[in-house]
Amino acid sequence: MKTKEAPDPIKKLFPSVTEKEWADWHWHVKNRITTPEQVKQLIKLEESEIYDCKGNKLPLSFSMTPFYASLITENKVLRKAVVPTSHEMVMSAGEEGDPLDEDKFRPVNNIIHRYPDKCLLLATDFCSLRCRYCTRSRLVSENMNSHFPQEKIVEAIEYIKRTPVIRDVLISGGDPLTLSDSKLEFILSNLRKIPHVQIIRIGTKVPVVLPQRVTPALVKMLKKYHPLWINIHFMHPAEVSPECEVACNMLADAGIPLGSQTVLLKGINDKTETMMKMFNALVRNRVRPYYIYQCDPIPGSKHFRTSIKTGLKIMEGLIGQTSGFAVPTYVVDTSKGGKVPLLPNFVKKIEKNYIHLEGFTKETTKYPTIED
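Residues numbered from 1 in each chain as written. Predicted model: local features only at pLDDT ≥ 70, side-chain atom pairs only at ≥ 80, totals over all residues. Heavy atoms only, no water.

K.L.:
How should I be thinking about the packing of aromatic side chains in this particular structure?
P.N.:
Aromatic ring pairs: the centre-centre distance and the angle between the two ring planes describe each pair. All chains considered together, the criterion is met by 6 aromatic pairs. Taken together, a centroid distance of 6.4 Å and an interplanar angle of 45 degrees make the contact between Trp22 and Phe67 tilted. Highlighted residues: Trp22 in helix α2 (residues 19–22) and Phe67 in helix α5 (residues 66–72), separated in sequence by 45 residues. Each of the two residues, Trp22 as well as Phe67, counts as buried. Each member of the aromatic cluster is reached from another via a ring pair, and the members are Phe14, Trp22, Trp27 and Phe67. (Phe/Tyr/Trp six-rings, centres within 6.5 Å; stacked < 30°, edge-to-face > 60°. Helix = DSSP H or I, 4+ residues; strand = E, 2+ residues; numbered from the N terminus. Buried < 20%, exposed > 50% of the residue type's maximum accessible area, 1.4 Å probe, protein only.)

K.L.:
Explanation requested: the layout of surface pockets in the structure shown.
P.N.:
A water-sized probe, rolled over the atoms, reveals where empty space remains. Approximately 1000 Å³ is the volume found for the largest pocket. Taken together, 42 residues make up the lining of the largest pocket; nearest its centre are Leu120, Arg136, Ser172, Gln261 and Tyr293. Elements with a minimum of two residues in the lining of the largest pocket: β1 (111–115), β2 (118–122), β3 (168–172), β4 (199–204), β5 (228–233), β6 (258–264) and β7 (287–294). The class makeup of the residues in the lining of the largest pocket is 20 nonpolar, 11 polar and 11 charged. (1 Å grid on protein atoms, 1.4 Å probe; cavity = no way out; pocket = protein on both sides within 12 Å on 5 of 7 lines; lining within 4 Å. Points joined across faces, edges and corners; volume = space filled by probe spheres on them. Nonpolar A, V, L, I, M, F, W, Y, C, P; charged D, E, K, R; others polar.)

K.L.:
I tried to follow the sheet that holds β7 on my own but got confused; where do I start?
P.N.:
Two orientations exist for strands paired in a sheet by backbone hydrogen bonds: parallel and antiparallel. A sheet is described by the order of its strands in space; here 9 strands give the open sequence β1-β2-β3-β4-β5-β6-β7-β8-β9, paired in mixed fashion. Sheet topology places β1 and β9 (338–342) at the edges, where each strand pairs with a single neighbour. Strand after strand, the sheet turns through a mean of 30 degrees between neighbouring axes, direction not considered. The sheet contact formed by β4 and β5 spans 5 bridges and is parallel. What sits directly across from Arg201, in β5, is Trp229. The strands that helix α8 (residues 181–192) touches are β2, β3, β4 and β5; relative to β3, the one it contacts most, it runs at about 175 degrees. (Pairing = 2+ DSSP bridges. Axes fitted to C-alpha atoms, helices over the stretch in contact; angles between N-to-C directions. Contact = heavy atoms within 4.5 Å.)

K.L.:
For this particular structure, what's the right way to read the sheet that holds strand β11 (residues 354–358)?
P.N.:
Pairing within the open sheet is antiparallel, and its 3 strands lie in the order β10-β11-β12. Only two strands of the sheet have a single neighbouring strand rather than two, namely β10 (347–350) and β12 (364–368). Between one strand and the next, the sheet's axes are offset by a mean angle of 20 degrees, whatever the strand orientation. In terms of strand pairing, β11 meets β12 through 5 bridges, oriented antiparallel. Looking at the pairing, Tyr354 lines up with Pro368 of β12.

Right under this line is the structure:
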């Protein structure tokens, strides 16, 4: 993938970086920014921002790629989601390390099987970026070489093979696109050999934080394992960078349907205008908005979480104001009921032969209906 040379703020940290290195995803992973000293060279710290990144104070370690660091130097909002703050030290009622109770649904180490016909395969515990609100922060490793041993992956594939009810497999982690082409292809090829596996999905943030990873070789390999879907974690319109657009279009050109998953975050994307700007940018790049998630109550996350009312207000502002396929489903992911969709209440009254509906114009319509 072609990229421009490193921007000036990054050159302060890496004065010898070449254009070739900046275009190499391995360089970005190897040179992740993990220390307070590095961040201080990029941005002026605010009072609440703390950087005891290697100590035991923070619930989650700190890491971001040089590419993503170049985005936060241009957009102050993005840093709120990736730079540690003192707010993470505050534990609130209802917060848990495993808020979805996923560990109860792990028949083998690398499988989470919560829903009858689909399961999640944990392909790696490594991410190139540490989102401060990460639901699986308890599982994320700091070590780029800590990818699960192959025997654990084989064990997971064998579980899927002997569980014929599974028709849909989501490969996640960590971020599976941080695996090498060969390791990722090992998983894809073996899953594709299982007759009852109809759909394979990959969950990733790589096109956003590490777009250099989307190479012609990777895309050529992925194309062999259709039907293959990719869900990308987008948080803010500033993440739809020119490099990200190139990566998404390479994947879409290979016939891979792309969806977005967005966590609702206070002070970051909790306005209708912000969400609409992002979703419209995504559909221009053939990425269909799929889910808005209510932020899960992991330890130290209260400062990220909004009210449900805020999410419903955003949905009300999106419906009717933009293309239907640019409107995702707003969900709360629960430990017992799975993903529960939430919608504004457009039904105002139900009578014997009529239902009263309020549309996006706020006008009420009397619509004829019949009894069952």
